[in-house]
Amino acid sequence: MDKEKKEKKAPFQPKDVTTCEATAQMLEKAARDGVTTAFHRAATMKACPIGKDSACCKHCGMGPCRLNSKDPYGKVGVCGATIDTIMARNFARMVATGTACHSDHGMSMLDLFRGVVKGEIKDYTLKDTLKLEAVAESVGIDIEGKTHQEMALELCDVLERTYTQVEGEIPFVSRVPEKTLETWRKHGVVPRGAMREIMEMLARTHIGMDQEYNNIVQQCSRTALSDGWGGSMVATEIGDILFGTPSPISIEVNMGVLKEDHVNIIIHGHEPNLFESMCESVNEPTLVEAAKKAGAKGINLVGMCCSGAEMLVRHGIPHAGNFSSTEEVLITGAVDAMAVDIQCIKQGLVSVAACYQTPLITTDRRCHIEGAVHVHFDERNPKECTDEIVIKAISRFQNRKLPVEIPQQRNIGVHGFSHEYIQYMLGGTFRSSYTPLNDNIINGRIRGVAGVVGCTNPRVKQDFVHVELVKELIKNDVLVVQTGCSQIALAKAGLTTPESAVLAGPGLREVCETVGMPPVLGIGSCVDNSRILMACAEMVKTGGLGDSIADLPVAGAAPEWMSEKAIAIGHYFVASGVFTVFGVTFPIIEGTKFHQLLFEGLEAQGFGKWGFSADPHEMAKMMIAHIDKKRKALGIDKARERILMDMADRQKLEVA
Ligand code: NFS
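Fair warning: this is a prediction, and the values are worked out from it, not measured in the lab. (Residues numbered from 1 in each chain as written. Predicted model: local features only at pLDDT ≥ 70, side-chain atom pairs only at ≥ 80, totals over all residues. Heavy atoms only, no water.)

### A look at the overall build of the protein
Okay, step 1: Secondary structure assignment for the protein yields 26 helices and 15 strands.
Okay, step 2: In the protein, which comprises 656 residues, the proportion classed as buried is 62%.
Okay, step 3: For the protein, the exposed surface amounts to about 24600 Å²; the carbon and sulfur share of it is 51%.
Okay, step 4: Each charge sign in the protein was given a centre, from 71 positive and 81 negative side chains, and these centres are 5 Å apart. (Helix = DSSP H or I, 4+ residues; strand = E, 2+ residues; numbered from the N terminus. Buried < 20%, exposed > 50% of the residue type's maximum accessible area, 1.4 Å probe, protein only. Areas by Shrake-Rupley, 256 points an atom, 1.4 Å probe, with all protein chains shown as cover. Lys, Arg positive; Asp, Glu negative; His and termini not counted. Charge placed at Lys NZ, Arg CZ, Asp CG, Glu CD.)

Spelled out as structure tokens, the structure:
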């Protein structure tokens, strides 16, 4: 590392920017080593106030035009675009990009699936054929008398329509509750293929195209739904068929999962295939032998971010941390290789990796990074790439010169609650269904369900908002389901253990203790938010909680979001009927017509709605108030009080 930069004073105190002790320790070390990270850049780069409010339009050469957020209707862009048009177009483009990311990922999973089914890709198999049958039937394929290969081939063709279908409705619309679908049809938002929706969204946000914010938001909803019930859902389902459907497994998280005397390899990204092949390579006897010859006790494979979250729930592979810790983990000096594929990979990793002589290896043709080594990952010969990564890591281990400092935090949790497992867990083998969950909501033991998901963001204290929000929710008997970086924050805080039920309110605690489950259920990566949609659909179909997703006592949150994918996710939850609260910042000006539409108008049309608060307690309050509002509308608001009175009565009797 750069000697002149040594002992450079950080523009912040580590404890002020993160509640993750391991990350804080590494930020202390970063200051000693003269290394800068996203936390440093966030502290020194002020967010542009006009861009922050989305009051800037740069879609043509007459601009960029900047309107005044203090007086949003005081002026218009050169073409005459109003603040509502500008904000709606910017927002729509975020949704389109996020949808494109998930759909591109889902489409490449489908390519992989087809290759495996046709026998062209030989390193993977169909691991979960029960899931294959269930998915095929859910999209109307008659599986009677067909071989798994036959039904899988048919499934490929049907699911491809998720992306390419030019008119009509995408296949997984079959899973949407009838009344929710009715609302979508009424408002013309049932998605066609994602390619079509994204293309139309981009076209409609060009200069001189759609300049009516209600109409832009309609296409925005259609595009986002092609992600949630399309691109993302296919990624999840194909991932399960190829690599197995998650079921609860005990896992270890935090930087303490690194081992000083092992060759440490980190996989960070989003597509499970690189990681699955890496699992094979690190167990390859010749490579294990080579690692031992180099003086290591073995090879230690660890995940980060979303592909880490998938491997965590499928195989219990340890996880080193979430998005805001990816640079910090390299500062340990213990990482012998970091291999990445696509999405959420900071370019800043290159310079941090260089400081510690850690090979940073890109593997996907869609995501090269200047200064990183590229080793192409080809599904037809995956081990060629993953073996080479292991060899590079062994060589770095052998030549480790810099001191290693591994934070000792290691937390244990239970993760892997797929929506299929939730019904089994609560219903048992013989009456596997969502009825017990619905019953517990109706009788008030569980007040409602909240999905707390999404990124971490160096603009806010890492993990703090996630953890505070979730604590507040479970204390109020709200069962929490989680994906992505958010679940890693809670796992590090120790809240994904069955023992953490003591932190829950009396009703939720009783359910958790009876079943032996944590009050916070980790279910996978960000594309696995589709599992939450499926759980919602099951709750509606099971009965007793209304006719549409919008009737359910549920809410969603992405308290520390940063990516456009998060906006796409947020909007497909809103369009599906869920009240969804975001933290950090929201690209919108309050008091405008566009704001009114997203935060109130959509709900009046039968959808969900957006909410915003940077404060976790306020956020919890908003979500709980919404859950209570839905309980009241369902006529089950009295149940909670009755249950509490019954318990008190019982106690009185016992005392007597
Ligand atoms: Ni999802 Fe954010 Fe990225 Fe995963 Fe983490 S940052 S939107 S949680 S890794 S996609």
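### Topic: empty space enclosed by the protein
Okay, step 1: This structure, assessed with the given rule, holds five cavities of 30 Å³ or more.
Okay, step 2: Estimated volume of the largest cavity: approximately 270 Å³.
Okay, step 3: Taken together, 29 residues make up the lining of the largest cavity; nearest its centre are V449, A450, G451, V481 and I532.
Okay, step 4: Where the lining of the largest cavity is concerned, the elements lending two or more residues are α17 (419–427), β10 (448–452), β11 (478–483), β12 (520–524), α22 (529–542), β13 (554–558), α23 (564–576) and β14 (579–582).
Okay, step 5: Residue composition of the lining of the largest cavity, by class: 23 nonpolar, five polar and one charged.
Okay, step 6: Quantified by volume, the second largest cavity comes out at close to 120 Å³.
Okay, step 7: Taken together, 16 residues make up the lining of the second largest cavity; nearest its centre are C306, C344, C455, C526 and K565. (1 Å grid on protein atoms, 1.4 Å probe; cavity = no way out; pocket = protein on both sides within 12 Å on 5 of 7 lines; lining within 4 Å. Points joined across faces, edges and corners; volume = space filled by probe spheres on them. Nonpolar A, V, L, I, M, F, W, Y, C, P; charged D, E, K, R; others polar.)

### Side note on the coordination of the nickel atom of the ligand
Note on metal sites: the ideal angle is 109.5 degrees for four tetrahedral donors, and 90 or 180 degrees for six octahedral donors.
Okay, step 1: Just one protein ligand coordinates the nickel atom of the ligand, and it is C526 (SG) at 2.3 Å.
Okay, step 2: Here the nickel atom of the ligand is ringed by four donor atoms whose angles at the metal span 98 to 132°, and the overall shape comes out tetrahedral.
Okay, step 3: One can find C526 in the loop between β12 and α22. (Donors = N, O, S within 2.8 Å, 3.2 Å for Na, K, Ca; no water. Tetrahedral: all angles 85-135°; square planar, octahedral: opposite > 155°, others 65-115°.)

### Points about the packing of aromatic side chains
Okay, step 1: In total, this model carries 13 aromatic pairs according to the counting rule given.
Okay, step 2: With centroids separated by 6.2 Å and ring planes inclined at 35°, the aromatic side chains of F91 and F586 adopt a geometry described as tilted. One end of the pair, F91, is in helix α5 (residues 83–117); the other, F586, is in the loop between β14 and α24 (593–604), with 495 residues separating them in the sequence. You'll find F91 and F586 in the same group, each marked buried.
Okay, step 3: One aromatic cluster is present, formed by F91, W561, F582, F586, F594, F599 and W610 through successive ring pairs.
Okay, step 4: Lying over the aromatic face of F323, K346 brings its terminal NZ or CZ to 4.3 Å of the ring centre. (Phe/Tyr/Trp six-rings, centres within 6.5 Å; stacked < 30°, edge-to-face > 60°. Lys NZ or Arg CZ within 6 Å of the ring centre and 35° of its normal.)

### Re the pattern of salt bridges
Okay, step 1: Counting across every chain of the model gives 39 salt bridges.
Okay, step 2: K146 serves as the salt-bridge partner of E154, at 3.1 Å between the closest nitrogen and oxygen.
Okay, step 3: The shortest N-O distance in the salt bridge between K609 and E603 comes to 3.5 Å.
Okay, step 4: Take K609: its relative accessible area is 17%, and that puts it in the buried class.
Okay, step 5: Linked by salt bridges that have partners in common, K131, R175, E237, D240, E310, R314, E420, D528 and R531 make up one network. (Salt bridge = Lys/Arg side-chain N within 4 Å of Asp/Glu carboxyl O.)

### Side note on the nonpolar core
Okay, step 1: One finds F113, I265, L473 and L598 to be the most contacted residues of the largest nonpolar core, which totals 171 residues.
Okay, step 2: If you tally residues by element for this core, the top one is α5, at 15 residues.
Okay, step 3: Ignoring anything within four residues of it in the chain, the contact list for L473 reads A450, V452, V478, V480, A620, M623 and I624.
Okay, step 4: One finds C20, M304, V352 and I406 within the second-largest nonpolar core, a separate group that totals 33 residues. (Core = buried A, V, L, I, M, F, W, Y, C linked by side-chain atoms within 4.5 Å. Contact = heavy atoms within 4.5 Å.)

### So, the site of the ligand
Okay, step 1: Around the ligand, the surrounding shell holds 14 residues, and the nearest of these are C306, C344, C455, C485 and C526.
Okay, step 2: Three or more residues apiece are contributed to the shell around the ligand by two domains, here domain 2 (255–398) and domain 3 (413–651). (Near = heavy atom within 4 Å. Domains from an automatic or database assignment.)

### Here's the deal with the packing of helix α13 (residues 305–315) against helix α20 (residues 484–492)
Okay, step 1: With their axes 8 Å apart at the nearest point, α13 and α20 run at an angle of 65° to one another. If you check the angle between α13 and α20, you find them roughly perpendicular. The interaxial crossing formed by α13 with α20 has left-handed handedness. Across the interface between the two elements, C305, C306, A309 and L312 of α13 pack against G484, C485, Q487 and I488 of α20.
Okay, step 2: Residues of the contact of α13 with α20, tallied by class, amount to six nonpolar, two polar and no charged. (Axes fitted to C-alpha atoms, helices over the stretch in contact; angles between N-to-C directions. Parallel < 35°, antiparallel > 145°, perpendicular 65-115°, else oblique. Left-handed = near helix turned anticlockwise from the far one by under 90°.)

### What about the domain arrangement of the protein?
Okay, step 1: By domain assignment, the protein separates into domain 1 (80–243), domain 2 (255–398) and domain 3 (413–651).
Okay, step 2: Each of domain 1 and domain 2 has a C-alpha centre, and the two are 30 Å apart.
Okay, step 3: Taken together, the contacts link 16 residues of domain 1 with 16 residues of domain 2.
Okay, step 4: For the pair domain 1 and domain 2, the two sides together bury roughly 1300 Å², of which 52% comes from carbon and sulfur.
Okay, step 5: Contact with domain 2 buries area across many residues of domain 1, yet H105, Y124 and F243 alone supply 39% of it, more than any other trio. (Buried area = accessible area lost by both parts, 1.4 Å probe.)

### Considering the side chain of H40
Okay, step 1: Position of H40 relative to the elements: it lies in helix α3 (residues 38–44).
Okay, step 2: For H40, a relative accessible area of 6% gives the class buried.
Okay, step 3: If sequence neighbours within four positions are ignored, H40 has contacts with A10, P11, F12, L27, A30 and V35.

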